[in-house]
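Report on the structure
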Amino acid sequence: MKTMCLSDPSPFPFLSLPIELQVRILSLLPVSDLLPLLSVSHGIRSLIQSPTFPSPPPDLFFLLLSSIDPPFPKLLSYHPASRRWFSLPIPSHSPLYHSCPYATSSSIAITLSSPAGSDYEDEDVPPEAYFVAVQMFSSLPHREIPPMIPLRYCYVYAVIPDGDVSLSGPSDHFRILGHSYFNHGIFSQVYDSRLGRWSLTGKIPCQTGVCKNTALVNGSLYVLAFPPYQLLKFDLTSYTWEIILPMPEMIMSTSIFSHDQNIYLVMGFEEPEGIITAIRVHILDWGENRESREWKEISVLSGTEEAFVGFTDGACWLYGFETVAQNGLVCLHSPYTSRVLLFDVRDRSWVLLPRCSLEPEYTMWYGHTTEMGQEVLRPVGA
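Residues numbered from 1 in each chain as written. Predicted model: local features only at pLDDT ≥ 70, side-chain atom pairs only at ≥ 80, totals over all residues. Heavy atoms only, no water.

1. Comments concerning the overall build of the chain
Threshold: Every helix listed is a DSSP run of H or I at least four residues long, and every strand listed is a run of E at least two residues long, numbered separately from the N terminus. Only C-alpha atoms enter the radius of gyration, while the globule expectation follows 2.2 Å times N to the 0.38, with N the number of residues. Whether two residues touch is decided by their heavy atoms; if any such pair falls within 4.5 Å, the residues are in contact. For every accessible area listed, the method is Shrake-Rupley and the probe measures 1.4 Å; residues are considered covered only by the protein chains on display.
If you tally the helices and strands in the chain, you get four helices and 25 strands. Against the globule reference of 21 Å for 382 residues, the chain gives a C-alpha radius of gyration of 22 Å, in line with a compact fold. On the principal axes, the C-alpha backbone points of the chain span a range of 70 × 50 × 45 Å. Considering only contacts in the chain between residues 6 or more positions apart, those separated by 24 or more positions represent 48%. When the accessible surface of the chain is summed, it comes to about 18,200 Å², and 53% of that surface belongs to carbon and sulfur atoms.

Okay, here's the thing in structure tokens:
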């Protein structure tokens, strides 16, 4: 069989190899290594963006910080596979360029179709606001989502894809979970892309609301509600809520995440003075017959350990931290020192990440993850 080589002139010996060998080599690289190659030469870009190029495995990035005001042209991100910091550009045509996401899952982000303006704060959704589902860092077209049912103080905090969703076809479905206030109670709202509308579902057993961090396990979504602090379960089939168990006392900066069908709790242990002197990680133990539920501690980072001292810049205590988790990894960010800790639930290790030289450009916590796939390699309009 006759082999062909890429024809564009280049000093790189790689381009003199047969195309079949070039494809084999490039297909072994993760997305984080393929992205810079798009600008090396026209030949390599054409090869990577070819419809027949093998799909690379998803590449996980922690999207940690952004500029404090829109637009958001770049995100300070950490890539755990290479242990490197990246400044990831958001395409200027993307809705995420002007609006932060309310929720993300894999590479899907839910945000507003147009900027909300300065009158709306935190995660409160503007009345009659239209949403869009977009692929982060991708040129793929976004999908429009109608406004939530117009009640008081609407919030969105989770998107749940049905399998591997790319938003590129009509068979790609997902659901969005939020809540709003109605008749002196808090009720969940669910958007189902199959139906194309929001539905008002069960009453949430809490007084104020739920935290942004969620955990998806066995067809149910787990959230932290307050007050009182407790773990709730939302059944994604029956759309009903259940109280699982209360939270431990004397905690701050609490968040949950899931890995390998288990639910984990990350919390700062609070002293009476209102400061955190240790960070603890618990796993939810369901007990026999899933009835005697309790949190069991699996790891603690005390204030005297080197990673904690570095996280606090030598203070050995802090007032709070922010977290984001994916694939068994948790990034903890201190807004007071701008240091980042990485906890790996698989080996229960704590690592203080090196400072990033790009950090002064970024001042606001972004707090999402994305798993980049072949969609970010495609040309605009493809």
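2. A short note on the packing of aromatic side chains
What counts, and what does not: The criterion for an aromatic pair is that two Phe, Tyr or Trp rings (for Trp, the six-membered ring) have centres within 6.5 Å, with stacked assigned to planes under 30 degrees apart, edge-to-face to planes over 60 apart and tilted to the rest. Residue exposure (1.4 Å probe, protein chains only): buried if accessible area is under 20% of the type maximum, exposed if over 50%, otherwise partly exposed.
A complete count under the given rule lists 15 aromatic pairs for this structure. For the pair phenylalanine 234 and tryptophan 241, a centre-to-centre distance of 4.7 Å together with 40° between the ring planes defines the contact as tilted. What makes phenylalanine 234 buried here is its relative accessible area of 0%. Ring centres 6.1 Å apart and planes at 65° place the aromatic pair tyrosine 319 and tyrosine 336 in the edge-to-face group. Here tyrosine 319 is found in the loop between helix 4 (306–311) and strand 21 (322–326), whereas its partner tyrosine 336 is found in the loop between strand 22 (329–333) and strand 23 (340–344), with 17 residues between them in sequence. Judged by relative accessible area, tyrosine 319 falls into the partly exposed class, the value being 42%.

3. Thoughts on the sheet that holds strand 1 (residues 59–66)
Heads up, the rule is: Two strands are said to pair when DSSP picks up at least two bridges between them. Axis definition: a line fitted to C-alpha atoms, over the contacting stretch in the case of helices. Angles run 0 to 180 degrees between N-to-C directions.
Strand order in this open sheet of four strands is 3-2-1-25, and the pairing throughout is antiparallel. Strands with a single pairing partner mark the edges of an open sheet, and in this sheet they are strand 3 (84–89) and strand 25 (364–372). The average undirected angle you get between the axes of adjacent strands in this sheet is 30°. With three bridges connecting them, strand 1 and strand 2 (residues 74–79) associate as antiparallel partners. Its bridge partner being in strand 2, phenylalanine 62 is matched across the sheet by tyrosine 78.

4. Overview of the confidence of the model for the chain
We apply this condition: Think of pLDDT as the predictor's per-residue confidence, scored from 0 to 100.
Mean pLDDT over the chain stands at 84; residues scoring 70 or higher make up 90%. In this model, residues 117–121 is a region of pLDDT below 50 whose contacts with residues beyond four sequence positions or in other chains number two contacts.

5. Topic: the state of the cysteines
The criterion, for reference: Only a pair of cysteine sulfur atoms within 2.5 Å qualifies as a disulfide here.
Here the structure, examined in full by the defined rule, presents zero disulfides. Free cysteine cysteine 154: the closest other cysteine sulfur is in cysteine 206, separated by 14 Å. Residue classification places cysteine 154 among the buried residues on the basis of a relative accessible area of 7%. Take cysteine 206: it sits in no disulfide, and the sulfur closest to it among the cysteines is that of cysteine 211, at 9.6 Å.

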